[in-house]
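Each chain, letter by letter, is given below.
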Amino acid sequence: MSSRIFNRIGLFFAALVLVSPAILFFLWMISLSLKFEIDNGAYPPIFIPERLAWSNYAKVFEENNFLLYLWNSVLVTGTATLLALLIGVPAGYGIARLKAERSAVVIMIARMTPGLSYLIPLFLLFQWLGILGTLWPQIIIHLVVTVPIVVWVMIGYFETTPMELEEAANIDGASAWQVFRLVALPIAKPGIVVAFILSVIFSWNNFVFGVVLASRETRTLPVAVYNMLSYEQVSWGPLAAAALVVTLPVLVLTMFAQRQIVAGLTAGAVKGG
Amino acid sequence: MSAITPERTGVTTQTIEGGQPVRLAPNYWPFVVPALVVVGAVIVFPWAFTLWMSVNRWTLGQSRSFAGMENYLRLASDARFWESLWHTLTYTFLSVAAPMLFGTVAALIFDAKFPLRGLLRGVFVMPMMATPVAVALVWTMMFHPQLGVLNYLLSLVGIPSQEWIFNANTVIPSLVAVETWQWTPLVMLIVLGGLASVPREPFESAEIDGANVWQQFRYLTLPMIAPFLMIAVIIRSIDALKSFDIIYAMTQGGPGTASETINIYLYNTAFSYYDIGYGSAMAVVFFIVIVALSFILLMLRQRSQWIDQEGK
């Protein structure tokens, strides 16, 4: 019995070692963001400074238009995710019920295609349509990320929901749409939550689309933080603070929805083969 | 089903010649159509357009003319392209191997029971959810040759300072370290899903037969999770081949072109030099490389399954 307890403590420490690169990285990120230039330039490095530089965060919002970029990110990610749910949830349902596994190949191909190969033609198309100065190009191209995620998660989810209720409703004369709307959709809420969270995270993190399509006013946060690097003389404190501001919403979401994310990613990834 | 008559159910039926009523399945296609339209617009259309552009001489702001296979021939003799292909393959190989190793070990540990498992697993997953550009910026500061924390940590154990991403010889391994840090959790999750499906009984009898932990892993666990490992390898390969954010944000392909992968070269061609035709040809070849590699891996997976079945 005592060897089992010993085992568990051993496993705990092994896990702690595995997790340490993640913990140390994020702690160092916080440390960088809260230090004045003098402390960030010190050697040997200082982990916890005597004076905390909260002003780094103020600087990020005051000097770099970060509120605008935050709002852009919210609009792009929000719209692209909502549109994806609107289109992708019914599609996932249809594909699951049609047992059209082949159509999943399309999604796999979408995953294999490098983002840049969408960018060249769509960039020209948006230019031709004259909408390059707006957020629409980014919203539309983010659908490349969000729609496959939503469809993928929803196919997996609807395959596991019981058919009996739907068949019963069907026999009672409900139309396919009514069955979907009144029977399938209410049961699918947990699946929709997973699809929503994953879609938000991967759209929020996207960088390559913004770096090509965004102008000064339409940058999203990842592009904005990258631009800070190239335009300012690099001062580490505000830069780390900006990086933290960009990724914090996603990390908080990950913390709160850990269970759903793990479930969604495992299911989605495992089906990926 | 045959007991339910059309009169009772009111569901549309049709009668086949034998006279047996068959209930029509509901029509599910309308559910899929909107997604098909969107997929057509943002995925299929760009592909068709890319193919067309790749056979044209076209730099933005200049006139376009038909070029036939010229762009593809140019690729074949473009030393920078071959070099970037080599970088891509090296980067991909390392960025698959390292996360596979660490991810599998992590999955084996997180599959067992120990205190605070849920919390630690949550923290372990965080790197893959963090915004890659933000992560890349902080790693860049950590890699700094004079002020970076990594060289300080090395000095504590007596290893001389490294130049990390600022040296052509170490830039790819350094970038792979970041990629590994970020994507090991995905491998862990996939393998963990595999371990969850492994039955308990064989292990009990193996223990009775006196098999040690390594033998149990080698002859029971490993064959059973092999399909999941293969899926992890495929997904990781696709993602590593396409890797852009980390490389672009940290080195932009530098120093020189030492870390320029196809994806970065493609970006530079299309959006720095605005050579749309050539960039499109590169995109087509790049896609073929990705599909070919995935296909080879899928074939390997199929073969390993056959061998499995023959073994039984």
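Remember, predicted model here, so these are calculated numbers, not experimental data.

A word on the overall build of chain B. Within chain B, the secondary structure is distributed over 13 helices and four strands. Here chain B holds 312 residues, and the buried ones make up 41% of them. By sequence separation, contacts in chain B at least 24 residues apart represent 67% of the contacts at least 6 residues apart.

What follows is about the UniProt feature "transmembrane region" (unreviewed entry) in chain A. Residues and elements named next belong to chain A. The positions UniProt marks with the feature "transmembrane region" (unreviewed entry) are residues 9-30, 69-93, 105-129, 135-158 and 234-256. With 92% helix and 0% strand, the stretch residues 105-129 has end C-alpha atoms that lie 31 Å from each other. End C-alpha to end C-alpha, residues 135-158 measures 33 Å, and it is 96% helix and 0% strand.

Look at helix α13 (residues 236-256) of chain A: 29 Å from first C-alpha to last across 21 residues, which is about the 30 Å you get at 1.5 Å a residue. Taken as a whole, α13 of chain A carries its principal kink of about 45° at T247 of chain A; the proline P249 of chain A stands between one and four residues after it.

The next point concerns the confidence of the model for chain A. Of all residues in chain A, 94% attain a pLDDT of 70 or more, and the chain-wide mean is 87. At the low end of the mean pLDDT range in chain A sits helix α14 (residues 258-271) of chain A, at 66; at the high end sits helix α4 (residues 66-98) of chain A, at 94.

Residue and element names in this part refer to chain A. If you check α4, its first and last C-alpha atoms are 46 Å apart, about what 33 residues at 1.5 Å a residue would give, namely 48 Å. The largest bend in α4 comes to about 30°, at L85. One or two steps after α4, the chain reaches K99, where phi turns positive at roughly 55°.

Residues and elements named next belong to chain A. If you trace the backbone, F61 turns up in helix α3 (residues 55-63). In this structure, the C-alpha to C-alpha distance between F61 and A242, residues 181 residues apart in sequence, is 8.6 Å. Those residues within four positions of F61 in sequence are excluded, and the remaining contacts are F66 and L67.

Attention now moves to the UniProt feature "transmembrane region" (unreviewed entry) in chain B. Residues and elements named next belong to chain B. According to UniProt, the feature "transmembrane region" (unreviewed entry) maps to residues 28-49, 89-110, 122-142, 180-198, 219-238 and 276-300 in the numbering used here. Summarising residues 180-198: 89% helix, 0% strand, and an end-to-end C-alpha distance of 26 Å. Summarising residues 276-300: 100% helix, 0% strand, and an end-to-end C-alpha distance of 36 Å.

Conventions used here
Every chain's residues receive numbers from 1 upward, in the order its sequence appears when written. Whichever chain is written first becomes A and whichever ligand is written first becomes 1, with later ones labelled in order. Local features in a predicted model are, by the rule used here, given only for residues with pLDDT of at least 70; side-chain atom pairs are given and counted only at 80 or more, and totals for whole chains, interfaces and linings are based on all residues. The helix count covers DSSP runs of H or I at least four residues long, the strand count covers runs of E at least two residues long, and both are numbered beginning at the N terminus. A residue is called partly exposed when the number of other C-beta atoms within 10 Å of its own lies between 12 and 20, exposed at 12 or fewer, and buried at 20 or more, with C-beta atoms placed from the backbone. Remark: residues whose backbone-derived C-beta atoms lie within 7 Å of one another are considered to be in contact. UniProt positions are given in the numbering used here, feature names are shortened, and annotations may be inferred rather than shown by experiment. A helix's residues, less one, multiplied by 1.5 Å, set its expected span. At any given residue, the bend is defined as the angle formed between two axes, one fitted to the seven residues that end at that position and one fitted to the seven that begin there. pLDDT measures how confident the predictor is about each residue, on a scale from 0 to 100.

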